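# Coordinate analysis (summary)
As a plain string of letters, each chain reads:
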Amino acid sequence: MQTHVDSPTRGYSESDGVVTLRGAGESSCEIYLHGATVTSWRDASGRERLYLSPTAVLDGSAPIRGGIPICWPQFGPGPRWPKQHGFARRLPWALVSAEMKRTEPRAVLRLVDTEETRASEHFPYRFELTLIAALDAVGSLSLVLRVRNTGATAFTFTTALHSYFAVEDASAVQVDGLRGKSYKDNADGLEEKVEQEESVRFEGEVDRCYIGAPDDIRVGVSGVRLKKRGLSELVLWNPFVEKTRALSDMPDDGWRTFVCAEPAAVYPPVELASGQVYDATLDLISPLLTK
Ligand code: TA6
């Protein structure tokens, strides 16, 4: 693919399976074709806002630990192959285009069904999955995950943009605005509970799927702002000490410097008729731009 730089700092390029977008100010974004995994987003100040494990596997042999893995056609454990978080984050996507939309760099990546994905117990359907990633005029990262049913049979799916946010100290982070929301507590046998607190804190293992969560959320009082559409749930996750030890692709103290806030569509699953299209969008806005 051509490299395009319309100024020393703005443009796009692709090499070794990684697409790089450079936008307003010092903003940039890196996307691995493997899983269409966004692994870096720097805001206009140049500050990295996503967490990528220093021991993440980046050779395509495993899902990338960090950034924004795409869980599709299944969020979480379940009957479909592979049992956890679906196959989209494990497969190579194709770079369809990279361009400057006015002064904003934009990349389009695509995954379509294969013999492997259609194998019986996997996902015996035809689909086209598209990720559109762009840096806007102020360096915010805009993602659209577009699902098109290209087959003759309706199918259902669940999905999550499994976003890892870099923080100084996870135990000092809170997410507000969830009081009264029901959630499935995966750290307690997926029991359904109702959030009693205005602020959810990460002072131990947190693994919760909030149902019908607000579409405008902050990670921390002064952290990244998430604006989501078409993703009714919000998953909050931090594995804390014990569960992190079990992760081969994260240092034992990795839990301290990230929290996951994952816009998701789980309850209910999304039903897509033949020919239908479904868009899930997520805008990540730097704390420098929000009061
Ligand atoms: O999003 C939370 C979660 O479902 C946790 O239960 C934990 O399994 C996490 O995802 C990471 O899953 P992974 O398959 O990437 O190790």
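Here, every reference points to the structure presented above.
Attention in this report is confined to the structure presented alongside it. Computed from a predicted structure; not experimentally measured. (Residues numbered from 1 in each chain as written. Predicted model: local features only at pLDDT ≥ 70, side-chain atom pairs only at ≥ 80, totals over all residues. Heavy atoms only, no water.)

## Details of the pattern of salt bridges
Here the idea is simple: oppositely charged side chains can pair when their charged atoms come close. Evaluation of the coordinates by the stated rule reveals 19 salt bridges. Ionic pairing is found between Arg 65 and Asp 249, a salt bridge with its closest N-O pair at 2.9 Å. Taken together, the residues Arg 65 in the loop between β5 (37-42) and β6 (70-71) and Asp 249 in the loop between α2 (240-245) and β21 (258-272) connect sequence positions 184 residues apart. Overall, Asp 249 belongs to the buried group, its relative accessible area being 9%. Between Arg 146 and Asp 279 there is a salt bridge whose closest N-O contact spans 2.7 Å. Highlighted residues: Arg 146 in strand β10 (residues 141-149) and Asp 279 in strand β22 (residues 277-285), separated in sequence by 133 residues. One salt-bridge network, in which partners are shared between bridges, spans Arg 110, Glu 128 and Arg 148. (Salt bridge = Lys/Arg side-chain N within 4 Å of Asp/Glu carboxyl O. Helix = DSSP H or I, 4+ residues; strand = E, 2+ residues; numbered from the N terminus. Buried < 20%, exposed > 50% of the residue type's maximum accessible area, 1.4 Å probe, protein only.)

## Focus: the site of the ligand
Taken together, the neighbourhood of the ligand is formed by Arg 65, Phe 75, Gln 84, His 85, Arg 89, His 162, Asn 186, Asp 207, Val 235, Trp 237 and Glu 262. Glu 262 has a polar side-chain atom sitting 2.8 Å from an oxygen atom of the ligand. The fraction of the free accessible surface of the ligand (390 Å²) that becomes covered by protein chains is 83%. Placement of the ligand is best described as lying within the largest pocket. Considered class by class, the residues forming the shell around the ligand number three nonpolar, four polar and four charged. (Near = heavy atom within 4 Å. Polar contact = N/O pair within 3.5 Å; in protein donor to acceptor, adjacent residues only side chain to side chain. Areas by Shrake-Rupley, 256 points an atom, 1.4 Å probe, with all protein chains shown as cover. 1 Å grid on protein atoms, 1.4 Å probe; cavity = no way out; pocket = protein on both sides within 12 Å on 5 of 7 lines; lining within 4 Å. Sits in = over half its atoms within 2 Å of the grid points. Nonpolar A, V, L, I, M, F, W, Y, C, P; charged D, E, K, R; others polar.)

## Points about the nonpolar core
Most often, soluble globular proteins keep nonpolar side chains buried together rather than apart. Membership of the largest hydrophobic core comes to 63 residues, with the highest contact counts inside it found for Trp 72, Trp 93, Leu 236 and Leu 284. Beyond its immediate sequence surroundings of up to four residues, Leu 236 is in contact with Val 175, Leu 178, Val 200, Phe 202, Val 206, Asp 207, Arg 208, Tyr 210, Cys 260 and Ala 261. (Core = buried A, V, L, I, M, F, W, Y, C linked by side-chain atoms within 4.5 Å. Contact = heavy atoms within 4.5 Å.)

## Quick notes on the environment of Thr 55
Mapped onto the fold, Thr 55 is located in the loop between β5 and β6. Non-local contacts of Thr 55, meaning those with residues more than four positions away in its chain, are made with Ser 248, Asp 249, Met 250 and Pro 251. Here Asp 249 takes part through its backbone oxygen, which lies 3.2 Å from a polar atom of the side chain of Thr 55. Engagement of the side chain of Thr 55 in a polar contact is seen with the backbone nitrogen of Met 250, the distance being 3.1 Å.

## Comments concerning the pairing of strand β4 (residues 28-32)
β4 sits mainly inside the fold: four of its five residues count as buried. Pairing geometry for strand β3 (residues 18-22) and β4, over five bridges, is antiparallel. Bridge pairing in β4 places Thr 20 opposite Glu 30. Here β3 folds back onto β4, and the loop between the two strands holds five residues, one of which, Gly 25, carries a positive phi near 60°. (Pairing = 2+ DSSP bridges.)

Such coordinate-based values are descriptive only and should not be taken to indicate function.
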